Amino acid sequence: MYTDLKGKVAVITGGSKGIGTAIAERLGSEKMHVIINYRSDEDGADEAVELVEQAGGKAVAVQSDVSTEEGIECLIKAAVKHFGTIDAWINNAGMENQHPTHQLALEDWQQVLDVNLTGVFIGSKAALAYFIKEDKPGVILTISSVHEQIPWPTFAHYTASKFGVKGFTQAIAMEYASRNIRVNSIGPGAIETPINAEKFEDDQQRAETEQMIPMKRIGDPKEVAAAAAWLLSNEASYVTGVTLFVDGGMTLYPAFQDGKG
Ligand code: NAD
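Under the annotation held in an unreviewed UniProt entry, the protein carries the name Glucose 1-dehydrogenase Gdh and is attributed to Enterococcus sulfureus ATCC 49903. Here is the UniProt Sequence similarities (unreviewed entry) comment for the protein, exactly as written: "Belongs to the short-chain dehydrogenases/reductases (SDR) family."

Written as structure tokens, this is what we have:
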């Protein structure tokens, strides 16, 4: 528990499943008030609200598309209306799809960039503008990926979006540090969520992925949520501009793990 988080208000994008729901639930156990954004999965969002409330927090689900300025504005308004302020903004919504790059449609490229990078820009911009208008400190946290560091063939658009998130996070962390606004990312490795459920249901693909992880297991969304709570809390009060990888060692060049090379 991080007692300073009690009663603080967070907005989380894409919170109706996976890592977003796990973070929301963890923030509930920190007694926070959470706006849970969802795009289309209303049932998932309602379940996430219940989880937050069972854990001891308060939550409201809000439908909107975070790749649009109207969608982001709607979340700011909802947070102020329901909980009176915003203390933390969490860019979690993301998507991926696989295509050889010479066959990648411009439409697919744009959709992934719109959600994973432009959504992070407009969400962060709105949160920054809010913190500055209210003259208050704030925290922005983006769920990036190990693929802000590891290139991922056939997911070139996803890779480009997450490398972009890394640069954007570092730039705004520096730009707003003197205003006491901290900006960080988490870089999950392979985490058990709906985004990769199909892949991990296949034993062979699961084993192949586990081989790429020094800790030899897929991560749990709760392990990402634990890192998120720490980065939001005052325990991380001097931490800005970093990516905290939560990846079982995946970014440590696992091809070298047996002393080869
Ligand atoms: P998920 O598919 O379970 O959840 C992603 C959520 O984002 C979904 O609820 C989806 O509806 C939402 N979303 C997508 N586009 C949206 C939009 N325009 N507006 C609002 N919501 C939108 O996936 P997840 O694994 O929980 O992923 C969460 C984040 O973690 C993503 O940014 C993803 O890139 C990142 N990540 C996940 C993994 C992993 O292994 N699961 C690894 C690295 C990074």
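Caption draft 1: Summary view of the overall build of the protein. On a plain count of helices and strands, the protein comes out with 8 helices and 7 strands. In terms of overall size, the protein behaves like a compact globule, its C-alpha atoms giving a radius of gyration of 18 Å where 261 residues would be expected to give roughly 18 Å. With respect to the three principal axes, the spread of C-alpha positions in the protein is 55 × 40 × 40 Å. If you take every contact in the protein between residues at least 6 apart in sequence, the share linking residues at least 24 apart comes to 73%. Total accessible area on the protein stands at roughly 12600 Å², and carbon and sulfur atoms take up 52% of it. Across the protein, the mean location of the 22 positive side-chain charges is 7 Å away from that of the 35 negative side-chain charges.

Caption draft 2: Fine view of the sheet that holds strand S7 (residues 243-246). With parallel pairing, 7 strands are arranged side by side in an open sheet as S3-S2-S1-S4-S5-S6-S7. Each edge of the open sheet carries a strand with a single partner, namely strand S3 (58-63) and S7. Neighbour-to-neighbour, the strand axes of this sheet turn through a mean angle of 20°, independent of strand direction. The pairing of strand S6 (residues 181-188) with S7 spans 4 bridges and is classified as parallel. The residue of S7 that forms the bridge with Pro188 is Val246. Contacts from helix H1 (residues 18-29) reach strand S1 (9-12), strand S2 (33-38), strand S4 (88-91), strand S5 (138-143) and S6, with the element oriented near 170° to S1.

Caption draft 3: Summary view of helix H2 (residues 42-55). When the terminal C-alpha atoms of H2 are compared, their 20 Å separation across 14 residues agrees well with the 20 Å that a helix rising 1.5 Å per residue should span. Within H2, the full set of buried residues consists of Gly44, Ala45, Ala48, Val49 and Val52. The buried residues of H2 all sit within an arc of 145° when viewed along its axis, so they share a single face. Facing away from the buried side of H2, by more than 90 degrees, are the exposed residues Asp43, Glu47 and Gln54.

Caption draft 4: Structural context of the pattern of salt bridges. Within this structure, the stated rule accounts for 9 salt bridges. Ionic pairing is found between Glu192 and Arg206, a salt bridge with its closest N-O pair at 2.8 Å. Pair noted here: Glu192 is in the loop between S6 and helix H6 (197-201) and Arg206 is in helix H7 (residues 203-211), with a separation of 14 residues, a long-range link. Classification of Arg206 by relative accessible area gives partly exposed; the value is 23%.

Caption draft 5: Molecular detail of unusual backbone geometry. In this structure, Asn180 takes a positive phi of about 65° despite not being glycine. Tracing the backbone through its elements, the reader meets Asn180 in the loop between helix H5 (156-176) and S6.

Quick notes on the rules
- Sequence order sets the numbering: in each chain, residues are counted from 1 along the sequence as written.
- Local features in a predicted model are, by the rule used here, given only for residues with pLDDT of at least 70; side-chain atom pairs are given and counted only at 80 or more, and totals for whole chains, interfaces and linings are based on all residues.
- As a rule here, side-chain values come from all non-hydrogen atoms in the structure, and water together with hydrogens is ignored.
- UniProt positions are given in the numbering used here, feature names are shortened, and annotations may be inferred rather than shown by experiment.
- A run of H or I in DSSP becomes a helix once it reaches four residues, and a run of E becomes a strand once it reaches two; helices and strands are each numbered from the N terminus.
- C-alpha atoms define the radius of gyration in this analysis, and the globule rule sets the expected value at 2.2 Å times the number of residues to the power 0.38.
- Any two residues having at least one pair of non-hydrogen atoms within 4.5 Å are treated as being in contact.
- With residues, only the protein chains shown are counted as cover, and all accessible areas are computed by Shrake-Rupley using a 1.4 Å probe.
- When charges are counted, Lys and Arg are positive and Asp and Glu negative, with His and the chain ends excluded.
- The location of each charge is read from NZ of Lys, CZ of Arg, CG of Asp or CD of Glu.
- Strands are labelled as partners when DSSP assigns at least two bridges between them.
- To get an axis, a line is fitted to the C-alpha atoms, and for a helix only the part in contact is used. The angle between two axes follows their N-to-C directions and goes from 0 to 180 degrees.
- Expected helix span is taken as 1.5 Å per residue step, with the number of steps being one fewer than the number of residues.
- Per-residue accessibility, obtained with a 1.4 Å probe over protein chains only, is compared with the maximum for each type, and a residue is labelled buried under 20%, exposed over 50%, and partly exposed between these values.
- In this context, the arc is that of the directions from the helix axis out to the C-beta atoms.
- Between Lys or Arg on one side and Asp or Glu on the other, a salt bridge is scored when a side-chain nitrogen of the former is within 4 Å of a carboxyl oxygen of the latter.

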